[in-house]
Amino acid sequence: MSSVIAQTRFSVLDRSRTREAHAAPQALRDTVDLARRIEALGYHRFWVSEHHSVPGVAGSAPTVLAAAVAAATSTIRVGTGGVMLPNHQPLVVAEQFGVLESLFPGRIDMGLGRSVGFTDGIRRALGRDKQDAGAFATQLSELLGYFTGDQSAHPQVHAHPAEGLRVPAFVLATGAGAQVAAAAGLPLVIAAARGEDEMLRAIDGYRDAFRPSPWGERPYVVLSGTVAVAGTSEEAGRLLVPEAWASAYSRTHGSFPPLAPVDEILARPMGDRERGLFDDARRGHIHGTEDEVADGLEKVLGRSGADEYLVVTSTYDRGALLDSYRRLAGLVGLAGTDAATAA
């Protein structure tokens, strides 16, 4: 194991993806079960996500799901990747995380994003529109002020029990959004959604612009991406198929579907555009055998100088997913146990 991998923390984000023939409530129970197993393997954090009116994702209330995860575990840090702040009032978000931190002291993370709903209908249902994402920096300042007790947007308003507590905050961002994290003195969570070169430029800009704050003395970068590990390169590649097909289907049909079995997907006829999107969606991920994945991680961690890697992997076969996380834990040297991987 290389020194760069040994110096990096590894964490997991589970998006509670639904699967064909499995109801959405099962996806949430699967997330809680996975958290217990990820904790046993020695990962640093376990985060959950926020999506609204997406048929393929059951995780719509991340602070509620985070509470269930924290209650089912005992040592791993638990948080959100993330709460989409433009969808909410900062006071309510502060109160929710204050409750979480009070119930599970020293284990809660507050990951915050700037996205709004995917469609006009969802945004209207949330009482938001596209422009609300532009107020993210202002909302973030107000939210952090509820914890320190010095927010000025609403004089004499206090968030209980958040005030006086310190819940680590993270900003999920790409491109210009990284500057918000830098200005606030917060850790940055970033993915190569627009290519690795643009991600690396955003990281450099974040580090250059970072201003120390009570929330962070130095820049802290968390890379986020898919990692799939298996006994062979082909098996690892199959892990990527369900999510890649769902992505391609959503872009050609306008609806994000549940994950389907690999063999079923590969047997389906695809039009030229869907096939192209499907092939594109399988590229750019770190996957393969332990040696191949270690090489991929070493390269991207070396180029980015990241402090942590947040693994975001979804597939239909939950057993294969868990095996991938077990193999990854072994190759990065996590001090966990395989006990939780038993059927």
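First things first, this report covers the structure right here in the doc. (Residues numbered from 1 in each chain as written. Predicted model: local features only at pLDDT ≥ 70, side-chain atom pairs only at ≥ 80, totals over all residues. Heavy atoms only, no water.)

## A word on the overall build of the protein chain
Here comes step 1: Within the protein chain, the regular secondary structure consists of 13 helices and eleven strands.
Here comes step 2: By its C-alpha atoms, the protein chain is 60 × 45 × 40 Å across when sized along the principal axes.
Here comes step 3: The burial tally for the protein chain puts 52% of its 343 residues in the buried class.
Here comes step 4: Partitioning the contacts of the protein chain with sequence separation of at least 6, the portion at a separation of at least 24 is 74%.
Here comes step 5: Element-wise, carbon and sulfur atoms account for 50% of the exposed surface of the protein chain, whose accessible area totals about 14,900 Å².
Here comes step 6: Considering the protein chain, the positive charge centre built from 33 side chains and the negative charge centre built from 40 side chains are found 2 Å apart. (Helix = DSSP H or I, 4+ residues; strand = E, 2+ residues; numbered from the N terminus. Buried < 20%, exposed > 50% of the residue type's maximum accessible area, 1.4 Å probe, protein only. Contact = heavy atoms within 4.5 Å. Areas by Shrake-Rupley, 256 points an atom, 1.4 Å probe, with all protein chains shown as cover. Lys, Arg positive; Asp, Glu negative; His and termini not counted. Charge placed at Lys NZ, Arg CZ, Asp CG, Glu CD.)

## Here we look at the pairing of strand β6 (residues 169-172)
Here comes step 1: Here β6 shows no split at all, with Ala169 and Val171 on one side and Phe170 and Leu172 on the other all buried.
Here comes step 2: As paired strands, β6 and strand β7 (residues 188-191) are joined by two bridges and run parallel to one another. Bridged to leucine 172 within β7 is valine 189. (Pairing = 2+ DSSP bridges.)

## Looking at the nonpolar core
Here comes step 1: In terms of nonpolar packing, the biggest core is built from 73 residues, with Tyr43, Leu140, Leu223, Leu297, Tyr309 and Leu328 touching the most fellow members.
Here comes step 2: Residue contributions to this core peak at seven residues, all from helix α13 (residues 318-332).
Here comes step 3: Leucine 297 has contacts with Ile5, Phe10, Val227, Ile286, Gly302, Tyr309, Leu328, Leu331 and Val332, leaving out every residue within four places of it along the chain.
Here comes step 4: Residues Ala248, Ile265, Leu277 and Phe278 belong to the second largest nonpolar core, which totals ten residues. (Core = buried A, V, L, I, M, F, W, Y, C linked by side-chain atoms within 4.5 Å.)

## Structural notes on unusual backbone geometry
Here comes step 1: A cis amide bond links glycine 81 with the next residue in sequence, glycine 82, at an omega value of 0 degrees.
Here comes step 2: Within the secondary structure, glycine 82 sits in the loop between β3 (77-80) and β4 (83-84).
Here comes step 3: Omega for the bond connecting histidine 160 with proline 161 falls within 30 degrees of zero, at 5 degrees, which places this linkage in the cis form.
Here comes step 4: On the secondary structure map, proline 161 appears in the loop between α6 (136-148) and β6.
Here comes step 5: The residue serine 16 is not glycine, and still its phi comes out positive at about 55 degrees.
Here comes step 6: Taking relative accessible area as the criterion, serine 16 reaches 2% and is therefore assigned buried.
Here comes step 7: Non-glycine residue alanine 21 carries a positive phi angle of around 70 degrees.

## Digging into the packing of helix α9 (residues 233-253) against helix α11 (residues 272-281)
Here comes step 1: Between α9 and α11, the least distance of the axes is 8 Å, while the angle of their chain directions is 140 degrees. One way to sum up the angle between α9 and α11 is to call them oblique. Once α9 is placed against α11, the crossing between them reads as right-handed. Two secondary-structure elements touch here, α9 through Val241, Ala244, Trp245, Ser247, Ala248, Tyr249, Arg251, Thr252 and His253 and α11 through Arg273, Glu274, Leu277, Phe278 and Ala281.
Here comes step 2: Partitioning the contact of α9 with α11 into residue classes produces eight nonpolar, three polar and three charged. (Axes fitted to C-alpha atoms, helices over the stretch in contact; angles between N-to-C directions. Parallel < 35°, antiparallel > 145°, perpendicular 65-115°, else oblique. Left-handed = near helix turned anticlockwise from the far one by under 90°. Nonpolar A, V, L, I, M, F, W, Y, C, P; charged D, E, K, R; others polar.)

## Some details on helix α2 (residues 24-41)
Here comes step 1: Spanning 18 residues, α2 covers 26 Å between terminal C-alpha atoms, matching the ideal 26 Å at 1.5 Å per step.
Here comes step 2: Of the residues making up α2, those classed as buried are Ala27, Asp30, Thr31, Val32, Leu34, Ala35, Arg37, Ile38, Glu39 and Leu41.
Here comes step 3: Buried residues along α2 sit against β1 (9-14), β2 (45-48), α3 (62-72) and α13.
Here comes step 4: Two residues or fewer past α2, glycine 42 is found with a positive phi of approximately 95 degrees. (Expected span 1.5 Å × (residues − 1).)

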